[in-house]
Amino acid sequence: MQDRDKLEILVDWLLKSTHTVIFTGAGMSTEAGLPDFRSKTGLWKQKDPTKLASVEAMNQNPEEFYEFYRMRLATLGEASPHKGHKILALWEKDRLIQAIITQNVDGLHHRAGSNRVIELHGTLREAVCLKCKQVYPPQVLEGESIPRCSCGQMLKPGVILFGEMLPQEALRQADIESRRSHLFIVIGSSLEVSPANFFPLEAKGVGAKLVIINLEPTDMDDQADLLIRGKAGEILDYLNKILKDPD
Ligand code: NAD
């Protein structure tokens, strides 16, 4: 099947679906200049980012842990939502999609104008005290090598680290949206991270059509009703053009 045919099928499904949920991963934001974790270009200083973004790294090697997050914050400071993020925000306004479940911590969906965004892995836009839970702006992570709260305890980026529980309310909301969905579209995720990768299967379990848009094969390609290989921003742009001008 030609790619254009696949895109036309997806547009048809989008127009017919009464509840469409988008599920994004780090590949959604690589075109905004933010590296993902598992592509070749996602590697950082030859270290595995999935090990650096962990509770273990924060406790055992805090200097390297905070250096990693300062680098991510600096990169985020230079990034802006790309056309794909903006198209998803437009589709929400036009009621073509009902929610975005994201594994991303970059806040780019919000910055593009999307409102119904469920952040499963927290956000880089804040820092939190590990003891008294006071919330700080992310700039506090920039200064000292190990940033501390006024109570003396270490501050942690507001993201969920590998080895931590996901926020209960975000999980609950993602569960509701997945169960409601008639069409569930994964964009830019390896689908290797649990429990986030449970939601596409949950949607499929209630009869939703599952679409995966990704640059590389994922662990769940065999579950997809439609597989589209390509870059998130470019594919969303093509889809939006077909929507506006079907001929
Ligand atoms: P991942 O790194 O495991 O996988 C990303 C996938 O996206 C890869 O399969 C890759 O082929 C694909 N990809 C890369 N660029 C793409 C593009 N332009 N268009 C389409 N696909 C593209 O990412 P994940 O599945 O989200 O899981 C990793 C974890 O990393 C998540 O928990 C997430 O919180 C975190 N993370 C977030 C950010 C961010 O917020 N921007 C960045 C890096 C990692």
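Reading the values: the criteria
Throughout this description, residue numbers start from 1 for each chain and increase along the sequence as written. A pLDDT threshold of at least 70 governs which residues receive local features in this predicted model, and a stricter bar of 80 or more applies before side-chain atom pairs are shown or counted, although totals over entire chains, interfaces and linings include all residues. With hydrogens and water stripped out, all remaining heavy atoms of the structure feed into the side-chain values. The rule for a residue being near a molecule or strand is that one of its heavy atoms must lie within 4 Å of it. Each polar contact in these results corresponds to two N or O atoms within 3.5 Å; when the atoms are within protein, one needs to be able to donate a hydrogen and the other to accept it, and residues that are neighboring in sequence are counted only if both atoms are side-chain atoms. The Shrake-Rupley method, run with a 1.4 Å probe, gives the accessible areas here. Residue values count only the displayed protein chains as cover. Residues were grouped as follows: Ala, Val, Leu, Ile, Met, Phe, Trp, Tyr, Cys and Pro as nonpolar; Asp, Glu, Lys and Arg as charged; and all remaining residues, including Gly, as polar. Convention adopted: a line fitted to C-alpha atoms gives each axis, helices being fitted over their contacting stretch, and angles between N-to-C directions are expressed from 0 to 180 degrees. Helix numbers and strand numbers start at the N terminus; a helix is a DSSP run of H or I with at least 4 residues, a strand a run of E with at least 2. Working definition: roughly parallel below 35 degrees, roughly antiparallel above 145 degrees, roughly perpendicular at 65 to 115 degrees, and oblique for all remaining angles. With the far helix as reference, a near helix turned anticlockwise by less than a right angle produces a left-handed crossing, and one turned clockwise produces a right-handed crossing. The criterion used for residue contact is that any of the two residues' heavy atoms lie within 4.5 Å. When DSSP finds two or more bridges between a pair of strands, those strands are recorded as paired. Burial classification: accessible surface area is computed with a 1.4 Å probe over protein chains only, and a residue below 20% of its type maximum counts as buried, one above 50% as exposed, and the rest as partly exposed.

Remarks on the site of the ligand
The full set close to the ligand counts 28 residues, and Arg38, Gln103, His121, Ser190 and Glu216 are the nearest of them. Between an oxygen atom of the ligand and a main-chain N or O atom of Ala26, the distance comes to 2.8 Å. Side-chain polar atom of Glu31 to a nitrogen atom of the ligand: 3.0 Å apart, as the coordinates give it. Taken by itself the ligand offers 850 Å² of open surface, and the protein chains cover 96% of this. Considering only residue class, the shell around the ligand consists of 8 nonpolar, 13 polar and 7 charged.

Comments concerning the packing of helix H5 (residues 83-93) against helix H9 (residues 232-244)
At their nearest, the axes of H5 and H9 sit 8 Å apart, and the two run at 40° to each other. Regarding the angle of H5 to H9, the classification is oblique. In this structure, H5 crosses over H9, and the sense of that crossing is left-handed. Two secondary-structure elements touch here, H5 through Lys83, Gly84, Ile87, Leu88 and Trp91 and H9 through Gly233, Glu234, Leu236, Asp237, Leu239, Asn240 and Leu243.

Remarks on the environment of Asn115
Inspection of the secondary structure puts Asn115 in the loop between helix H6 (108-112) and strand S3 (117-119). C-alpha separation for the pair Asn115 and Asp3, spaced 112 residues apart in sequence, amounts to 30 Å.

Details of the pairing of strand S4 (residues 122-129)
Here S4 pairs with strand S6 (residues 155-159) via 4 bridges, running antiparallel. Considered in S6, the bridge of Val128 is made with Lys156. In this structure, the hairpin formed by S4 and strand S5 (residues 135-136) is closed by a connection of 5 residues, where Lys133 is found at a positive phi of approximately 65°.

A look at the environment of Ala57
Mapped onto the elements of the fold, Ala57 is located in helix H3 (residues 55-60). Not counting residues within four places of it along the chain, the set of residues in contact with Ala57 comprises Lys51, Leu52, Pro62 and Phe65.

Topic: the sheet that holds S6
The 3 strands are arranged S5-S4-S6 in an open sheet whose pairing can be described as antiparallel. Every other strand in the sheet has two partners, leaving S5 and S6 as the edge strands with one partner each. Sheet analysis places S4 next to S5, joined by 2 bridges and oriented antiparallel. Looking at S5, one finds that Ala127 is bridged to Tyr136. Strand contacts of helix H4 (residues 62-77): S4 and S6, with the helix running at about 45° to S6, the strand carrying the most contacts.

Some remarks on the sheet that holds strand S1 (residues 20-24)
Spatial ordering of the open sheet is given by S3-S2-S1-S7-S8-S9, a layout of 6 strands whose pairing is parallel. A strand with exactly one partner marks an edge of an open sheet, and here the two such strands are S3 and strand S9 (226-229). Going from strand to strand, the sheet's axes swing by 15° on average, the running direction of each strand aside. As defined by bridge partners, strand S7 (residues 183-187) adjoins strand S8 (residues 209-214) across 5 bridges and the pair is classed as parallel. The residue bridging Phe184 from the neighbouring strand is Leu210, located in S8. Contacting S1, S7, S8 and S9, helix H1 (residues 3-16) crosses the sheet at an angle of about 125° to S9.

Some words on unusual backbone geometry
Residue Ser194 is joined to Pro195 through a cis peptide bond whose omega torsion reads 0°. On the secondary structure map, Pro195 appears in the loop between S7 and helix H8 (198-205). Positive phi values are uncommon outside glycine, yet Lys133 reaches one of about 65°. Along the chain, Lys133 falls in the loop between S4 and S5. Owing to a relative accessible area of 53%, Lys133 belongs among the exposed residues under this scheme. Not every positive phi belongs to a glycine, and Leu191 is a case in point at roughly 60°. Residue position: Leu191 is located in the loop between S7 and H8. Owing to a relative accessible area of 2%, Leu191 belongs among the buried residues under this scheme.

Keep in mind these values describe shape, not function.
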